[in-house]
Amino acid sequence: MKAAIYPGSFDPVTFGHLDIIKRSAKIFDELTVSVLDNKAKTPLFSVEERVKILEEVTKELPNVKVESFSGLLIDYAKEKGIRVSVRGLRAVTDFEYELQIAQTNRQLSGGDLDTVFLTTSLEYAYLSSSSVKEIASFHGDISQCVPEFVARLIYEKYGFEEV
Ligand code: ADP
């Protein structure tokens, strides 16, 4: 069985992430979307909230499950017996950062963890969780960036009751 992990912050999940999830779920028999519990960052949504949101947006995808992890991806992957990590690439700026992470993971895991890159669908190339948060913080329109119920939750975090 071909299994992969799609790790990330997903704070919050966007249509760009969802597109990568749907496409990966067609390539791999089982995809585990894993929320990284990064203590160094102050997220908008807690890990538990992000897991719940991801579970909701992937509920129609039977071979996708959602988890969280902390620590090194290679340790988590080893524990699960998974040898492939999926990452999305939007632009050259992503590439440099992602290349470094991929090579580090491969090196640290002794070749046990490889990274598969999916390039973004062009309509989502501009999308990032941080830009969604910035737009939402000014009560801007994020309807093209995230599912409706996620937009509502984001606005709530910024104290806007009405969408
Ligand atoms: P991280 O904080 O680990 O970079 P993110 O949640 O921002 O996590 O993103 C997780 C992965 O999804 C990364 O590989 C990132 O490049 C990819 N990604 C984010 N937004 C998009 C998008 N709009 N299209 C394709 N891939 C994306």
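Reading the values: the criteria
Residues numbered from 1 in each chain as written. Predicted model: local features only at pLDDT ≥ 70, side-chain atom pairs only at ≥ 80, totals over all residues. Heavy atoms only, no water. Helix = DSSP H or I, 4+ residues; strand = E, 2+ residues; numbered from the N terminus. Buried < 20%, exposed > 50% of the residue type's maximum accessible area, 1.4 Å probe, protein only. Contact = heavy atoms within 4.5 Å. Areas by Shrake-Rupley, 256 points an atom, 1.4 Å probe, with all protein chains shown as cover. Lys, Arg positive; Asp, Glu negative; His and termini not counted. Charge placed at Lys NZ, Arg CZ, Asp CG, Glu CD. Near = heavy atom within 4 Å. Polar contact = N/O pair within 3.5 Å; in protein donor to acceptor, adjacent residues only side chain to side chain. Nonpolar A, V, L, I, M, F, W, Y, C, P; charged D, E, K, R; others polar. Phe/Tyr/Trp six-rings, centres within 6.5 Å; stacked < 30°, edge-to-face > 60°. Patch = residues over 30% accessible without salt bridge, like charges linked within 9 Å, V, L, I, M, F, W, Y side chains within 5 Å. Salt bridge = Lys/Arg side-chain N within 4 Å of Asp/Glu carboxyl O.

## Let's talk about the overall build of the chain
Part 1 of the reasoning: Looking only at helices and strands, the chain features six helices and five strands.
Part 2 of the reasoning: Dimensions along the principal axes, computed over C-alpha positions, put the chain at roughly 50 × 35 × 30 Å.
Part 3 of the reasoning: For the chain, buried positions account for 45% of its 163 residues.
Part 4 of the reasoning: Nonlocal contacts in the chain, meaning residues at least 24 apart in sequence, comprise 72% of its contacts between residues at least 6 apart.
Part 5 of the reasoning: Carbon and sulfur atoms provide 51% of the accessible area of the chain, an area that totals close to 9,300 Å².
Part 6 of the reasoning: Each charge class in the chain was averaged separately, 19 positive and 25 negative side chains, and the resulting centres sit 5 Å apart.

## Examining the site of the ligand
Part 1 of the reasoning: In the vicinity of the ligand lie 17 residues, with Tyr 6, Ser 9, Phe 10, Gly 88 and Tyr 124 positioned nearest.
Part 2 of the reasoning: Phe 10 has a polar backbone atom sitting 2.9 Å from an oxygen atom of the ligand.
Part 3 of the reasoning: Thr 120 places a side-chain nitrogen or oxygen 3.0 Å from a nitrogen atom of the ligand.
Part 4 of the reasoning: Burial of the ligand by the surrounding chains reaches 91%, relative to a free accessible area of 550 Å².
Part 5 of the reasoning: Of all the secondary structure elements, the ones that give two or more residues to the shell around the ligand are strand 1 (3–8), helix 1 (15–27), strand 4 (84–89) and helix 4 (92–108).
Part 6 of the reasoning: Residues belonging to the shell around the ligand are distributed by class as follows: six nonpolar, six polar and five charged.

## Some thoughts on the packing of aromatic side chains
Part 1 of the reasoning: This structure, assessed with the given rule, holds four aromatic pairs.
Part 2 of the reasoning: Taken together, a centroid distance of 5.1 Å and an interplanar angle of 80° make the contact between Tyr 6 and Phe 10 edge-to-face. Considered together, Tyr 6 and Phe 10 belong to a single accessibility category, that of buried residues.
Part 3 of the reasoning: Centre to centre, the rings of Tyr 155 and Phe 160 are 6.4 Å apart; their planes meet at 75°, and the pair counts as edge-to-face.

## Focus on the environment of Phe 160
Part 1 of the reasoning: Tracing the chain through its elements places Phe 160 in the segment after helix 6 (148–157).
Part 2 of the reasoning: Placed 24 residues apart in sequence, Phe 160 and Ala 136 show a C-alpha to C-alpha distance of 9.2 Å.

## Points about a nonpolar patch on the surface
Part 1 of the reasoning: A cluster of nonpolar side chains, namely Val 92, Phe 95 and Leu 99, defines an oily patch on the protein surface of about 270 Å² accessible area.
Part 2 of the reasoning: Position of Leu 99 relative to the elements: it lies in helix 4.

Note that every value here comes from positions in space, so none of it alone points to a role or purpose.
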